[in-house]
Each structure stands twice: as structure tokens, then as C-alpha cells.
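# Coordinate analysis (summary)
Residue strings, one per chain:
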Amino acid sequence: MASSAIAGALLNATFDERGLASLVLLATASVLNVEGDAFTLSLNGTSTILSSSLPVPTRTFDAHGQPTYRYSAAGDLTVHVAYSVTDAFVSKQLTVSSARHAHNVTNVTLFAGARLLLDGAAPAESVVARSPAGLRDFALFARWSTTGALITARNPFLTATPHGGGGVTLSYEPMMPVAPAAPFSADRAHIGLHLLTQRKMAPPAQPLDEAEHAAMQRCVRAAIAAPQRASSVKINVGWCENDFQIDISTAAGRAEYKRIIDRAASLGIESILFAPRNSDVSSIGNGTDAWGWEQVLWFGMGERLRMGLWAPGDPLPASLTEMLDYFRLRGVRPVAYVYPILAFLAGTLPGGASPPWVVHGTYSSSDLATKRLGLGPMRSDLASPALQQWLPKTMRRFADQTGAGGFSFDYTYFEQGSPGGRPWRSQYAQWSGWRAILAALQQPKACAGRQCVVDNRQANHAWGPWMWAEGGTYAEPLQSDEQPGSWMFYEADLKTDRLSANRQRETAWSYRVQSFAPAEVVPGFALHQTDRDVSPAQKNVTAGPGCPRGGGTGRCAELSRRRDFDLLGYRYSLLSAVGTGGANLVLNMLPARDEGEFAAFPAEDVAFFRQWLEWADRSRDLVASTRVLPSTSRPAAGSLDGVSLLRQDGSCTGAIFAFSPTATPLNLSLALDASLGCSPPHPSSGVPGLLLLRQIGSSDRSEPAGGWARQLLRAGDALALTVPPTTALALELEPFDGASLVAPLVLGAAAGAASLSADGALSLSRVVGEQGAAAELTVLLPPHGPGAVSRATLNGKVVRFDALPPLDGRPPAVRIRGAWAGERFGRAHEIVAAGGFSGGRWTGTFSVPAAVLEQLAARNRSYDLSY
């Protein structure tokens, strides 16, 4: 059989009579020969089919020249192996059909000992990237001196094994059925080539070359099932305001929830995870989940849906209809909370029978009490093909009726191995079934004519990048429950939102670096979840419908912790979320339930909130390029961390976000070179390649809202600055052309106005800086002004200056050095003992400048609330 070839943007592929024969990396013309591209199938744990032992397959081609091979095996089995070539990868997918018998597919080997030889040589080494969540392998990377190969498949249950001489085996154990009219499709495998950078990922990341990590991330990005969004996801999570305390069956409850909707609309938030109580239709006493939340599922209709007493299309209670109408009025979409493993329609069929997806589960409240698994309550089996059809169909009908903008999934336990279960109910089968259910929601108009938000929780962080790409909008926001008591902070802080933000960036780092998540699926969790338990002032609450335990324990009723917005910490958290997870902004405790907070929330903070949500929308191209700064590692105590969001054209333009989680200033030093994706203009081009570094945002409320220019740089320079304690900074790099200056430009501080008169008088006004701190300002001069500065005034005072000549394409400038007036008292100002402190007891005194006390008093007057 003659060979065939297919060209991609970055590589070419050739195919022989049995499959893939070679890849050619176009950048170098290097040829990767794939010797013995074969597969194996194990059925029923007893028989194995090896493709190289089967007769030569027939081969067909689609309209694009992509080949499919058809093998006949074991009498009634047919295996189709379809290949496709994209820009950077060759994909391979097996589909198994059975004409007469049912079989259990116990093992699939996608590459069965294929030898990889680059220009005739075996790889010098191979590295396997493994799941950080304790599953199996993600991928295998083969390395030569300057070139690498990636071999992977779309699940986290792989066994990737390198062999001597360049051999590679890639397999997994699906434990899934194939039967007449029910084919089995294996997960798609991928193989690709890339040039190595010789730069390793910084510990504690796996020791991969940066190009290996980028190749795997690019492969995952190509698998994203949801259509590309034109703007960022912006969703408020109602349970982080304890919305379960609100009973919308009452007029007061509906009015309270409408404040949450109003606040979300005012901030530019487009969706709310809507899960209040509704005594009109549900009760905690009817719940079948171990957590006691079933009464808030499906907008309160979940219990009745499970029991077969209501289905989408049946009438809704007036209380819920009123709320859904208000959502529409305010342009905010409600998102439904769903537990997918509850026993939907159990016992509702004729004769008390149940649908085929109902099984005995392994998780119940009694299991929690006894710490052992047993014969639990009835649950739904995610591996059931019937459930995979019924559940997404029901959700789409629900969205059509209610206007739901999406679904948030929790309580997603995999019920494999249940008593009396079929042998193929493996963890993989459950994982694969759940992915299929979620994928059915990724159609462009699956939620009331618009794209769904698919929010995943319980254990989703463990299920790997293919689940996030093919089965959701974003990964689980904090890799745990959001309550501050559910995760450990690594820096002490008085502000809950800053603690939450530090955890969020640690989570984003883990997804991005350890699990190859592209920016499109990384969550940005902002603000915090308020505590569910009672506050000290509410410990004597009487038991009632919303607080069944009473006596000051457990979940309190309507009043608990409604006032809990973190005014002084939220900016740090919002910038953290936008910078490291700007595609998916999961926004939490809002100033809404408490009428005092709702009324007092300052207009300048509404503007700040909207500014950064809108920035994330405008900067979709930058958000998609988010990378961990090469000079930083995993967010940790005492360490600066950050990300770059630079355009992928080598221009070194875009944004940088830097974070200091600690109570001391931290220095950032960043080379604007290839490690950051920067390519300086060639000297012969005559282009100066100047870059203006601007500060466009800060978590410090005293910083000017409009930002200010910090430095003039060029690709190849080192960016150096100090990030103040417990501060988030947003910076922008933009091209600079000195010839276009029409007025002086101040670098190093925010200036209200700058002018240069015809006689060389330089005037700078409304220039601000931190009281008592050293100052060094550089003022860039326009090219068409006077030849030199004759005198300079700053905020009305004459100051000394030094002239700077126009070097390396930079415009002429002057430098002003000095210190800002007043006694310095910085952010998180450290109190230290004179002469040092070596331990033991220490006493002393310190003074706070009057200006600082005046600032505090003014802040209290502007937000006159008690907590």
C-alpha cells in the first residue's frame, strides 16, 4: 500500500499501510520516524488483540486527506483507527464495534512499543509527567539534543512507559463495554514535535523544558470543547454570601436576594449561582444528600425533580417566577446548583421500578459518622449511557424554561464498584461518563439560547486538564471548599480577601504549571466565602427552619454574617483573580445582603470593580497568554510571585501582575528577554524598540486611580521595581515613540499636569508620592520644545535637576531627586527593636504620624459601618 503525506502548519506527517510512519518538524526539517505504530486491545480480561498480528487493514481518506484504517478482529469485532493532522500534532483515535457480542474493554494500548527515532537516533532521555492529584500519567516527553516529542492521550489515567532504543508504550484501562449498536471510542492520542528551549521549569514544578510544558498546554487548548467566548466569565457565587439562609418564599427574602442581583448588575457581573431556600417547594427534611443542601438545588425544585413530582415544563411557584423575572429585568442570569449523583426518578417507574442509572451508592451521612463505606443510599451511576442522555437533556429543558445561564456541579462522587454493579463501572468509566454529560452542555446555545457557564466543584481539581477542557468552563476555583477554614494559608494577614487571594494564586499556579491548564480554563476566585457558622454575637440563635441545630452551632438562620464584605482587602483579591485567572472571574462575598453595606459601598469602588472586569474583557488576547513569571515560582510565604500577559508576537508588550503576600517589601527583577517571549528589534532595523512601563492598577487605595508611568525600557533590559507589603500591582508595557511626545512625561510618580514653557521652565503639578519616601523622577521632554530646561518647579516649589542626554533613541530628559515631605509611615510598617531583637520579651513604644491618623479617620467616615 502506497504511503501518503499530510501537511500541517508546523509539521508534516506520512502514513504507511498500518498507520503513522513519520513526522517532519518544518522549522528544522528533522524527521521523526515512528517504527511500528500499533495498538492492542484487551477484552474481558482474558484476550488481547495486537494490531500488528492482524491482516493489513483497508484504508480510506476523508475530504482533507486524513486517513482511517479498518481492521477486522476476533470474528465479530471491527476497529477503526482514524488519524488527523493539526498545526502541531498528529491525533489517533480507535473506535471498536462488535457485531454480535458484548465485551468489556479492559485495556487499550494506543502506542504499543512504537520506536521513535529522530534523524535515525533514539532519544537521549524520556520524562513522564504525572498527575499531581495522585491519578496516573499525563504525558511522555522524549528528548534529543535540541528537539523533543510529546506523546499523550486525553485522560489522566494513562500509563506512559519509555523503553530502550526509543520505544514508547501508552495505555489505559477503560473497563467499559462494547456491544452491538454501542461502539467503544478510545480517547484520542496525540504525538507532536517541538524545539527545546534548554530552560527548565522552576521547582517545585516537574523538571520539564519550557517548550515541553508549552506543547502539552497547546495540545490541551486545542481540545477545549466550548466555543471561544468574546468576554470573560463573570459569576457571583451566592453561597459565598450564605444565600441558603434566604427563603424566597417570603417577600422579605425576595427583597434581600434582589439586592444581591442589583449589586451584581452594578458591578458588571453577568451570572449568579442562585441557591436560596424556597419553603414553597422544598424542605431540608426531604433531602437525600449527606451534606443537607438538596433543598436549594435546581432553584429549589431539585427534591421534586428527583421524586418525579415536577419536571421542566411543569408550572413553577410564583415566588420563583418573580425572582426569575427580576433576573431578566436586571440582565443577570441565574446559574443552577446541581448534584448529579442523586437518585433521579428512583422508584417512580411502573411497579416501583427505577431507571437503569440508579444504583446503591457508597456515600451517605452514616458513612461520614462511622468513617467507613458501605451499602449507601440510592445514587445515579455516571457511567450509565441512559443517564448520559437524560441528565443533559433535562438540564437544557430546565434552562429553556427558567432562563438559567448554566449549572454548578457538586457532590460528584464516582459510584464505581457498587454492590451488584457491572464490572466496567471503573473510576475511568465514571470519569468518562461525567465528561460526556458535561460536554453535552458545551453547545453554543445550550442554555436558553446562549452559551452555558459550567462550574465544577467536588473533586474536579483532581480530574485533570482534559476534563476542564472538554467538560467545563473552568476548573474548581480553590481546589477545595471555599470556606477559609477548609484550606491553610501560608501568610498571616488581617484581611480575609488577601488570604483568599493568596490561595487563589497558588491554585492557579498549580493548574497552569503542574496540570498544563491553558488560561481559558483557569479560574480566578475573588473576594471570599463568608463563614457558615454563627458569629459570636449570634450564638444564642433559636433553632428554626433555616438553622435546624440552633443553640449557637451549625448553620445559622437569616441574620448570620450578612455584613462581611472586606473593603480594605478586596482590591488585592480582585487584581489577583484578574491577573492569574482573568478568563473566568468567580466573584464571591458582595456588599449586598446587609442594607448598610449595600448603601455605603463607595462609588469609587464600584468604578474600580467595573474597571477591572472590563479590562479582562478588553484584554482577552493578553489573558490567553498568561504565564508564570520566569523569575518566580509557586506562591509561598515571604516570596514575590507574578504572571506575564504579553502578546505572542515578540513585541514584549502587554501586562505584568506582581504580588507581595508578606508584610515586607519585595523586589522584582525581570529580564525582558526570550524567557519572557521578548524579541528585541535587530540593530539594522533602526527601530529603537523602546517600551514604556506604566502602573495601571494597585491594591493600595491611596494610589491614583488613573495610574502612572514608571520606567522607560527596551527589550533586553532588566525591569526592576519594589512591590510594597501585602500589595498587588498591575503593570503595562506599551511601545514608546519619543517623537510623538507633545508634553513632558513624568516617570516615577503620578503627575496631574506637566508643562514646558518656551523659555525652558518645567512645571510639574499635583505630583504625589508616599509621605517621607525617597523620590527619583525622570521627566521625558518633547522633541519640539526649547533646547534645554532652565528651571523646574514641583508642586509649586523650585527643585534642583540634572539634564540627561538623548541616548540610545531615548528622548532628552531631566532627573529630579529628593524625598516626599512628612514622616515616613509605610504600608505594613514594621516595628523593630533598637539594636535588634534576639528573642524573649520586648517592650517599647512607637508613634503614628498625625497624617496617618487623619487618613484613617477620613476612611472611617467614608464607610461608617461597625463589624
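Residues numbered from 1 in each chain as written. Predicted model: local features only at pLDDT ≥ 70, side-chain atom pairs only at ≥ 80, totals over all residues. Heavy atoms only, no water.

## Comments concerning empty space enclosed by the protein
Any empty space left between atoms is shown by rolling a water-sized probe over those atoms. Where we set the bar: Using only the protein atoms, space was sampled on a 1 Å grid; points where a 1.4 Å probe fits but cannot get out form cavities, open sets with protein on both sides within 12 Å along at least five of seven lines form pockets, and lining residues are those with an atom within 4 Å of a point. Grid points are joined across faces, edges and corners, and a volume is the space filled by probe spheres set on the points. Numbering goes from the N terminus for both helices and strands, where a helix is a DSSP run of H or I of at least four residues and a strand is a run of E of at least two. Amino acid classes used here: Ala, Val, Leu, Ile, Met, Phe, Trp, Tyr, Cys and Pro are nonpolar; Asp, Glu, Lys and Arg are charged; the rest, including Gly, are polar.
Throughout the structure, instances matching the rule amount to two cavities of 30 Å³ or more. The calculated volume of the largest cavity comes to roughly 90 Å³. As for the largest cavity, its lining consists of 13 residues, of which Thr580, Pro635, Asp641, Gly642 and Val643 are closest to the centre. Element by element, the count of residues in the lining of the largest cavity is highest for helix H9 (residues 496–514), at four residues. For the lining of the largest cavity, the per-class residue count stands at six nonpolar, four polar and three charged. Roughly 30 Å³ of internal volume is contained in the second largest cavity. The wall of the second largest cavity is formed by Gln228, Ala519, Glu520, Ala583, Arg620, Val623 and Ala624. Residues that form the lining of the second largest cavity fall into these classes: four nonpolar, one polar and two charged.

## Focus: the sheet that holds strand S41 (residues 791–794)
The condition that has to hold: Pairing between strands is defined by DSSP: at least two bridges between the two strands are required.
What the four strands build is an open sheet, ordered S38-S39-S41-S42; its pairing is mixed. A single partner strand is all that each edge strand has here, and the edge strands are strand S38 (753–756) and strand S42 (797–798). Strand direction decides the pairing type here: S38 and strand S39 (residues 761–765), joined by four bridges, are antiparallel. Bridge pairing in S39 places serine 755 opposite serine 763.

## Section: the pattern of salt bridges
Selection criterion: For this analysis, a salt bridge means a side-chain nitrogen from Lys or Arg found within 4 Å of a carboxyl oxygen belonging to Asp or Glu. For every residue, the accessible area obtained with a 1.4 Å probe (protein chains only) is divided by the maximum for its type, and the residue is called buried under 20%, exposed over 50%, and partly exposed between those limits.
Overall, the coordinates contain 42 salt bridges when judged by the stated rule. The residue glutamate 470 makes a salt bridge to arginine 154 at a minimum N-O spacing of 3.3 Å. Of this pair, glutamate 470 sits in helix H8 (residues 465–471) while arginine 154 sits in the loop between strand S14 (147–153) and strand S15 (159–163), and the two are 316 residues apart along the sequence. The two residues glutamate 470 and arginine 154 agree in class, both being buried. Here arginine 498 and aspartate 493 are joined by a salt bridge, their closest N and O atoms 2.8 Å apart. Assigned by exposure class, arginine 498 and aspartate 493 land together as buried. Among the charged side chains, a salt-bridge network with shared partners connects Arg154, Asp187, Arg435 and Glu470.

## A short note on the sheet that holds strand S20 (residues 233–237)
To be explicit about the condition: Axis definition: a line fitted to C-alpha atoms, limited for helices to the stretch in contact. Angles are taken between N-to-C directions and run from 0 to 180 degrees.
Spatial strand order, S26-S25-S22-S21-S20-S28-S27: seven strands in an open sheet with parallel pairing. Each end of this open sheet is capped by a strand with a single partner; those strands are strand S26 (453–456) and strand S27 (524–526). Between one strand axis and the next, the sheet turns by 25° as a mean value, whatever way the strands run.

## Some thoughts on the packing of helix H2 (residues 251–267) against helix H12 (residues 603–618)
Rules: Small angles under 35 degrees read as roughly parallel and large ones over 145 as roughly antiparallel, with 65 to 115 read as roughly perpendicular and the rest as oblique. A contact between two residues is defined here by any heavy atoms of the two lying within 4.5 Å.
Close contact between H2 and H12 brings their axes to 8 Å; oriented N to C, the two are set at 60°. Here H2 is positioned oblique relative to H12, judged by the angle of their axes. Of the residues in H12, those in contact with Arg263, Ala265, Ser266 and Leu267 of H2 are Val606, Phe609, Arg610 and Leu613. Looking at the contact of H2 with H12, its residues break down into five nonpolar, one polar and two charged.

## Focus on the pairing of strand S9 (residues 77–85)
Here six bridges tie strand S8 (residues 67–73) to S9, and the two strands are oriented antiparallel to one another. Note on S9: the bridge partner recorded for tyrosine 71 is valine 79. The turn joining S8 and S9, which pair antiparallel and follow one another in sequence, is formed by three residues; a positive phi near 50° is taken by alanine 74. Here S9 folds back onto strand S10 (residues 89–98), and the loop between the two strands holds three residues.

All quantities given are derived from atomic positions and should not be read as evidence of function.
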